[in-house]
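Inside the fold
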Amino acid sequence: MGLNDIKTRIAKAAKEAGRDTSDVTLIAVSKVQPNERVEAVLKEGHRSFGENRVQEAAGKWPGFRENYDGIDLHLIGPLQSNKARQAFELFDAIHTLDRPKLAHTFARLAQEMGHCPPLFIQVNTGEEPQKAGIAPADTDAFVAECRALDLPIQGLMCIPPVDETPSLHFALLRKLADRNGLGKLSMGMSDDFEQAIAFGATHIRVGSALFGQRVPIAG
Ligand SMILES: *Cc1c(COP(=O)(O)O)cnc(C)c1O
């Protein structure tokens with residue numbers, strides 16, 4: 001499916017939800033995609049992209065930035081504290097602030113580097129043990145802790161469990177954001193971005209529907 005098809009679907013979903021399309025940012029998730037596919041989307045004029053690994057992003061985005069202005073790169077995958085500095089240098093937003101230790105690392109780096117990218121707190125809405133994120137019950141306290149550290153928290157992010165109705169998770173994330181006065185919601189992927197828009201998503205993360213299936217890297 002091409003960029004224009006996805007944009008048409010976004011516009012339709014926004015209209016049905018009584019929302020402005022311009023309030024929904026399409027993050028094109030380019031992880032593991034061959035550079036030609038990514039560059040084709042850049043050539044069509046798209047500028048917001050998502051990567052889930054610092055290393056992979058470091059290998060491809062500095063080069064693209066030399067050739068294309070206005071790139072807006074989002075980190076959507078788990079971040080180790082020892083890669084936080086590199087993440088601050090590479091990304092325009094980080095969606096995966098998922099633990100107190102990382103918040104403290106960010107606060108220290110913000111002081112030292114004089115800037116901090118806009119942040120989303122990842123909430124483990126399904127309370128899955130293997131998944132990163134703050135538990136829903138701990139979210140209010142964590143938002144307060146981050147604010148006390150002067151971190152620029154913009155919103156919340158979630159990845160619903162694969163075997164559950166995503167809408168319930170989108171609704172929960174929305175509720176948690178609303179009651180903490182957070183305006184941005186990073187939710188919705190290839191299979192469910194229209195539902196996410198109905199529940200107020202401001203940032204949808206779409207990979208395979210846009211670029212095609214990811215080709216697994218051998219090894
Ligand atoms: C890979 C990934 C996506 C995109 O998934 P698709 O199903 O290919 O759209 C979205 N969000 C996160 C956090 C991801 O890791």
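Within each chain, residue numbers correspond to sequence positions counted from 1 in written order. Confidence filtering applies because this is a predicted model: local features only for residues at pLDDT of at least 70, side-chain atom pairs given and counted only at 80 or more, and all residues used for totals across whole chains, interfaces and linings. Neither water nor hydrogens contribute to the side-chain values; these are computed over all heavy atoms in the structure.

1. Considerations on the site of the ligand
Going by this rule: Nearness here has a simple test: a residue counts as near a molecule or strand if at least one of its heavy atoms is within 4 Å of that partner. Definition of a polar contact: a pair of N or O atoms within 3.5 Å, with one able to donate and the other able to accept a hydrogen when the atoms are protein atoms, and with sequence-neighbouring residues admitted only if both atoms are side-chain atoms. The Shrake-Rupley method, run with a 1.4 Å probe, gives the accessible areas here. Residue values count only the displayed protein chains as cover. Polar here means any residue other than Ala, Val, Leu, Ile, Met, Phe, Trp, Tyr, Cys and Pro, which are nonpolar, and Asp, Glu, Lys and Arg, which are charged; Gly is therefore polar.
Neighbouring the ligand are Val29, Lys31, Ile76, Ile159, Met189, Ser190, Arg205, Val206, Gly207, Ser208 and Arg214. Ser208 places a main-chain nitrogen or oxygen 2.8 Å from an oxygen atom of the ligand. When isolated, the ligand has an accessible area of 390 Å², and the protein chains bury 90% of it. Classifying every residue of the shell around the ligand by side-chain character gives five nonpolar, three polar and three charged.

2. Focus: the side chain of Asp98
Definition in use: Think of it this way: any DSSP run of H or I at least four residues long counts as a helix, any run of E at least two long counts as a strand, and we number them from the N terminus. For the exposure calls, accessible area comes from a 1.4 Å probe over protein chains only, and a residue counts as buried if that area is under 20% of its type's maximum, exposed if over 50%, partly exposed in between. Contacts are assigned to residue pairs that have any heavy atoms within 4.5 Å of one another.
Take Asp98: it is sitting in the loop between strand 4 (93–97) and helix 5 (100–113). Assessed through its relative accessible area of 9%, Asp98 is described here as buried. A polar contact is formed between the side chain of Asp98 and the side chain of Arg99, at a distance of 2.8 Å. In this view, Asp98 contacts Gln122, Ala132, Gly133 and Ile134; residues no more than four positions away in its chain are not counted.

3. Some words on the nonpolar core
Selection criterion: Working definition of a nonpolar core: buried Ala, Val, Leu, Ile, Met, Phe, Trp, Tyr and Cys residues. They are joined through side-chain atoms within 4.5 Å.
Counting 61 residues, the largest nonpolar core has Leu97, Phe106, Ile121 and Leu151 as the members making the most contacts within it. In contact with Phe106, not counting residues within four places along its chain, are Leu79, Ala84, Phe88, Ile94, Leu97, Leu119 and Leu151.

4. Observations concerning the packing of aromatic side chains
The line we're drawing: The rule is short: rings of Phe, Tyr and Trp, with Trp giving its six-membered ring, pair when the centres are within 6.5 Å, and they are stacked under 30 degrees, edge-to-face over 60, tilted in between.
For the structure shown, the criterion picks out three aromatic pairs. A ring pair is formed by Phe49 and Trp61, whose centres lie 4.8 Å apart and whose planes are at 45°; its orientation type is tilted. Of this pair, Phe49 sits in strand 2 (residues 48–51) while Trp61 sits in helix 3 (residues 54–67), and the two are twelve residues apart along the sequence. Following the ring pairs from residue to residue traces out a cluster consisting of Phe49, Trp61 and Phe64.

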